[in-house]
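Commentary on secondary and tertiary structure
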Amino acid sequence: MSKQLLLGDEAIAQAALDAGLSGVYAYPGTPSTEITEYIQMAPITSEQNIHSRWCANEKTAMEAALGMSFVGKRALVCMKHVGMNVAADCFVNSAMTGVKGGLIVVAADDPSMHSSQNEQDSRFYGDFSLIPMYEPSNQQEAYDMVYNGFEFSEKLGEPVLLRMVTRLAHSRSGVKREDQKPQNNIAFSDDPRQFILLPGIARKRYKLLLARQDEFIKASEESPYNKFIDGPNKKLGIIACGIGYNYLMENYPEGCEYPVLKIGQYPLPKKQLLQLVESCDEILVLEDGQPFVEKQLKGYLGIGIKVKGRLDGTLSQDGELNPDSVARAVGKENKSEFGIPSVVEMRPPALCEGCGHRDMYITLTEVLKEEYPSHKVFSDIGCYTLGANAPFNAINSCVDMGASITMAKGAADGGLHPSVAVIGDSTFTHSGMTGLLDCVNENSNVTIVISDNETTAMTGGQDSAGTGRIEAICTGLGVDPAHIRVVVPLKKNYEEMKQIIREEIEYRGVSVIIPRRECIQTLARKKRSK
Ligand SMILES: Cc1ncc(C[n+]2csc(CCOP(=O)(O)OP(=O)(O)O)c2C)c(N)n1
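Going along each chain's sequence as written, the residues are numbered from 1 onward. Only residues with pLDDT of 70 or above have their local features reported here, since the model is predicted, and side-chain atom pairs are shown and tallied only from 80 upward, although totals for entire chains, interfaces and linings are computed over all residues. To get the side-chain values, take all heavy atoms of the structure and skip hydrogens and water.

1. Notes on the domain arrangement of the protein chain
Threshold: Note: domain ranges come from an automatic or database domain assignment. Here, residues are in contact when the closest pair of their heavy atoms is within 4.5 Å. Take the accessible area each of two parts loses on contact, using a 1.4 Å probe, and add the two losses: that sum is the buried area. Basic side-chain nitrogens of Lys or Arg form a salt bridge, by our definition, when they fall within 4 Å of a carboxyl oxygen of Asp or Glu. In protein, a polar contact requires one atom able to donate a hydrogen and another able to accept it; more generally it is a pair of N or O atoms within 3.5 Å, and residues adjacent in sequence count only if both atoms are side-chain atoms. When residue character is reported, Ala, Val, Leu, Ile, Met, Phe, Trp, Tyr, Cys and Pro are called nonpolar, Asp, Glu, Lys and Arg charged, and the others, Gly included, polar.
For the protein chain, the assigned domains read domain 1 (3-183 + 198-211), domain 2 (227-329) and domain 3 (356-526). The C-alpha centroid of domain 3 is placed 33 Å from the C-alpha centroid of domain 1. Listed as interface residues are twelve residues of domain 1 and, on the opposing side, 13 residues of domain 3. Summing the contributions of domain 1 and of domain 3, the shared interface buries around 860 Å²; its carbon and sulfur component is 55%. For the pair domain 1 and domain 3, the interface holds zero salt bridges. Counting across the domain 1 and domain 3 interface gives five residue pairs in polar contact (both at pLDDT 80 or more). Classifying every residue of the side of domain 1 that touches domain 3 gives five nonpolar, five polar and two charged.

See the structure below:
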């Protein structure tokens with residue numbers, strides 16, 4: 001069996017390929033993007049016709065994967081944590097339908113918000129969907145969980161959620177691979193009504209799911225990823241979840257003096273939990289993310305054994321765990337010897353020199369600031385969100401993918417003029433299109449700028465679902481073709497661009513302006529690969 005140096009994300013991808021994957025379904029998002037990219041590049045993917053094309057958004061990804069599972073094949077869904085909010089409708093209901101082929105959903109969380117707008121902890125999704133979850137402590141475990149997880153999912157007939165965090169997704173270690181398995185043949189559920197969630201069927205399936213919780217707990221108690229490691233000093237018992245276990249071990253290279261319960265699979269293993277709680281005076285919970293386990297232990301009133309963690313201030317309520325914060329939590333001196341070299345210190349990101357979004361903002365802000373002082377600009381999520389910073393200071397909001405058009409609509413409904421939305425091409429097809437339909441249906445007085453760089457630049461230049469079809473989509477949704485204006489965002493066209501912006505602001509209805517010029521990074525990459 002070969003050993004390879006792999007990123008956590010790559011370990012997941014390789015494991016899925018080795019386990020007989022038939023399709024990965026995903027929308028890019030840091031820190032999950034590399035999983036799908038690795039599968040796309042792997043020779044076996046084209047040799048065996050494994051599905052790996054990007055999806056329009058996380059919901060379409062989750063649904064297509066459930067469809068693949070319906071026909072008995074193994075499917076992987078990957079997204080960043082906020083993608084879970086988009087996929088949630090199907091995700092939560094997939095616990096109700098159950099699965100046929102193994103289905104693993106990877107949610108890559110981003111504690112400390114390295115490239116995200118919140119710190120939400122995906123374990124809550126697994127918990128309220130009532131399905132088993134994995135949380136690897138290192139790259140090898142990530143591999144093993146996915147390699148064996150498809151079989152586990154098939155055995156239980158339920159999807160399994162695997163929760164990653166940025167540090168694990170984006171760091172490398174040696175990973176031992178297992179033998180290649182073949183893909184599953186097409187096969188269907190014995191119950192032809194399993195996937196029909198009419199209330200009468202859903203009620204029965206929900207009871208079934210509830211009845212199986214003890215089985216899931218037993219699986220956690222017997223899981224190789226959950227381990228009780230006794231220690232001589234019973235003053236403290238430590239519950240270390242996922243990468244938290246890794247950080248703890250960094251502080252105790254010779255073994256921990258306190259009893260430790262390592263958690264890698266949920267629901268929590270009751271037996272080992274009781275063993276720890278009954279033998280120790282106090283409990284410390286180390287978990288990267290929100291106090292998911294800590295809250296369960298504290299219970300509603302927080303009476304009983306003393307539990308320390310993020311809720312009582314032993315660890316900060318926000319931000320990642322790290323070996324130093326773990327050292328402080330167990331009463332050890334902070335022994336960190338390495339400062340951060342200035343070259344990797346935080347720098348504010350900026351739009352690239354030569355980026356078309358720059359030309360779009362230069363012209364847009366000139367017109368808006370000078371001629372329409374009452375304007376507001378509702379932006380979306382993508383490279384163009386950097387229009388929030390100097391020298392542009394051009395935008396007034398950035399909330400979630402797709403929110404630009406709908407927020408501009410709400411503001412226009414409330415009487416704002418000009419109400420301007422700025423959205424990228426990939427974000428438009430991810431979740432902007434439905435908002436545009438709302439605008440068309442009410443002939444809202446909005447000016448929508450779809451800043452089209454023909455790629456998903458922010459996450460590294462993945463294909464964008466609507467490339468070459470943006471005008472057709474807008475027309476199809478009912479925008480008057482006379483108010484779909486395409487421009488090339490270059491300095492020589494500034495006067496033309498400004499005139500178009502003026503005309504479309506003056507038009508009382510839905511207008512779409514499409515500044516289109518290929519992202520200079522994808523263009524440079526294409527040239528280099530020629
Ligand atoms: C729900 C969700 N999924 C994924 C992401 C990650 N993400 C942020 S912006 C973006 C797309 C950006 O593409 P586009 O709108 O075309 O703008 P560009 O970066 O190319 O300028 C993605 C995938 C996210 N923030 N939220």
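Following the structure, the description resumes.
2. Describing the site of the ligand
Stated formally: Throughout, the term near means that a residue has one or more heavy atoms lying within 4 Å of the molecule or strand in question. Accessible surface area values rest on a Shrake-Rupley calculation with a 1.4 Å probe, where residue burial reflects the displayed protein chains alone. Helix numbering and strand numbering both begin at the N terminus, where a helix is a DSSP run of H or I of at least 4 residues and a strand a DSSP run of E of at least 2.
As a matter of local geometry, the ligand sits amid 25 residues, with Glu-58, His-357, Ser-426, Thr-427 and Ala-457 nearest to it. Contact distances for the ligand include 2.6 Å between an oxygen atom and a side-chain N or O atom of His-357. Within the contact set of the ligand, an oxygen atom lies 3.2 Å away from a side-chain nitrogen or oxygen of Asp-425. Across the complex, the protein chains shield 98% of the 590 Å² of accessible surface that the ligand would expose by itself. Of all the secondary structure elements, the ones that give two or more residues to the shell around the ligand are α5 (83-97) and α17 (425-441). For the shell around the ligand, the element with the most residues is α17, which contributes three residues. Considered class by class, the residues forming the shell around the ligand number ten nonpolar, twelve polar and three charged.

3. A closer look at the nonpolar core
Note the cut-off: Take the buried Ala, Val, Leu, Ile, Met, Phe, Trp, Tyr and Cys residues and link them wherever side-chain atoms come within 4.5 Å; each set so joined is a nonpolar core. A simple rule labels every residue: compare its accessible area, found with a 1.4 Å probe on the protein chains alone, to the largest value its type can have, and call it buried under 20%, exposed over 50%, or partly exposed in between.
If you look at the biggest cluster of nonpolar residues, it comprises 103 residues, and the most contacted ones within it are Leu-76 and Ile-238. Top contributing element to this core by residue count: helix α7 (residues 139-156), with eight residues. Taken domain by domain, this core gets at least three of its residues from each of domain 1 (3-183 + 198-211) and domain 2 (227-329). Once residues within four sequence positions are removed from consideration, Leu-76 is found in contact with Ile-12, Ala-16, Leu-21, Gly-23, Val-24, Tyr-25, Ile-35, Ile-39, Ile-104, Val-106 and Phe-150. Of all hydrophobic cores here, the second largest spans 46 residues; its members include Cys-355, Ala-412, Ile-423 and Ile-500.

4. Describing the sheet that holds strand β11 (residues 265-266)
Stated formally: Strands pair, by our definition, only if DSSP identifies at least two bridges between them.
Pairing within the open sheet is mixed, and its six strands lie in the order β2-β3-β4-β6-β5-β11. Either end of the sheet is taken by a strand with one partner, and the two such strands are β2 (23-26) and β11. Pairing of β2 with strand β3 (residues 75-80), which is carried by four bridges, proceeds in the parallel orientation. In the strand pairing of β3, Gly-23 is matched with Ala-75.

5. Some thoughts on the packing of aromatic side chains
To be explicit about the condition: Note on ring pairs: Phe, Tyr and Trp rings are taken, using the six-membered ring of Trp, and paired if centres are within 6.5 Å. Classes follow the plane angle, with under 30 degrees stacked, over 60 edge-to-face and the rest tilted. For a ring to carry a charge above it, either NZ of a lysine or CZ of an arginine must fall within 6 Å of the ring centroid while also lying within 35 degrees of the normal to the ring plane.
Scanning the model with the defined rule gives ten aromatic pairs in all. An angle of 90° between the planes, with centres 6.4 Å apart, marks the rings of Phe-91 and Tyr-125 as edge-to-face. Of this pair, Phe-91 sits in helix α5 while Tyr-125 sits in helix α6 (residues 123-129), and the two are 34 residues apart along the sequence. Here the two residues Phe-91 and Tyr-125 agree in accessibility, since each one is buried. Centroid distance Tyr-134 to Tyr-225: 5.6 Å. Interplanar angle 85°. Geometry classified as edge-to-face. Here Tyr-134, found in strand β5 (residues 133-134), pairs with Tyr-225, found in the loop between α10 (213-221) and β8 (227-229); they are 91 residues apart in sequence, far enough to count as distant. By relative accessible area, Tyr-134 is classed as buried at 3%. Over the ring of Tyr-245 we find Lys-262; its NZ or CZ atom is 5.7 Å from the centre of that ring. The ring of Tyr-252 has Lys-332 sitting right over it, with the charged end atom 4.3 Å from the ring centre.

6. Here's the deal with the UniProt feature "domain: Thiamine pyrophosphate enzyme TPP-binding" (unreviewed entry) in the protein chain
Stated formally: UniProt positions are given in the numbering used here, feature names are shortened, and annotations may be inferred rather than shown by experiment.
As recorded in UniProt, the feature "domain: Thiamine pyrophosphate enzyme TPP-binding" (unreviewed entry) lies at residues 380-513. Along residues 380-513, the helical share is 37% and the strand share 15%, with 15 Å between the first and last C-alpha atoms.

7. Here's the deal with a nonpolar patch on the surface
To be explicit about the condition: The patch calculation keeps residues exceeding 30% relative accessible area without a salt bridge and links them within 9 Å when they carry like charges or within 5 Å when they are nonpolar (Val, Leu, Ile, Met, Phe, Trp, Tyr).
A grouping of Phe-70, Ile-186 and Phe-188 is seen on the molecular surface, where their side chains present a nonpolar patch of about 310 Å² in accessible area. Structurally, Ile-186 is set in the loop between β7 (172-176) and α9 (199-211). By relative accessible area, Ile-186 is classed as exposed at 55%.

8. A closer look at the pattern of salt bridges
For the coordinates displayed, the defined rule picks out 33 salt bridges. Two residues, Glu-141 and Lys-262, come together in a salt bridge whose shortest N-O distance is 2.6 Å. Taken together, the residues span a long stretch of sequence, with Glu-141 in helix α7 and Lys-262 in strand β10 (residues 260-263) at a distance of 121 residues. As far as burial versus exposure is concerned, Glu-141 and Lys-262 are alike and both buried. Its salt-bridge partner being Glu-504, residue Arg-485 comes within 2.7 Å of it at the nearest N-O pair. Here Arg-485, found in strand β17 (residues 484-487), pairs with Glu-504, found in helix α19 (residues 494-506); they are 19 residues apart in sequence, far enough to count as distant. Members of the salt-bridge network, linked through shared partners, are Asp-109, Asp-121, Arg-123, Glu-135, Arg-163 and Glu-287.

9. Considering the state of the cysteines
As used in these notes, a disulfide is a covalent bond between sulfur atoms, one from each of two cysteines. Formally: Whenever a pair of cysteine sulfur atoms sits within 2.5 Å, that pair is classed as a disulfide.
Per the counting criterion, the structure on display carries zero disulfides. Not part of a disulfide, Cys-90 finds its nearest cysteine sulfur in Cys-55, a span of 12 Å. The exposure class of Cys-90 is buried, given its relative accessible area of 10%.

10. Comments concerning the pairing of strand β15 (residues 419-424)
The condition that has to hold: Orient the strands so they point away from the viewer, and a crossover whose first-strand-to-second-strand path over the helix runs clockwise is right-handed.
Burial runs high along β15: six of the six residues are buried. Burial of the side chains of β15 extends over both faces: Ser-419, Ala-421 and Ile-423 are buried on one face and Val-420, Val-422 and Gly-424 on the other. Pairing of strand β14 (residues 376-378) with β15 involves three bridges; the strand directions are parallel. Among the inter-strand pairings, Phe-378 is bridged to a residue of β15, identified as Ala-421. Handedness of the β-α-β unit built from β14, helix α16 (residues 403-413) and β15 comes out right-handed. Bridge count for β15 against strand β16 (residues 446-451) is five bridges, and the pairing is parallel. Across the sheet, the residue bridging to Ala-421 is Ile-448, located in β16. Following the chain from β15 across α17 to the adjacent parallel β16, one finds a crossover that is right-handed.

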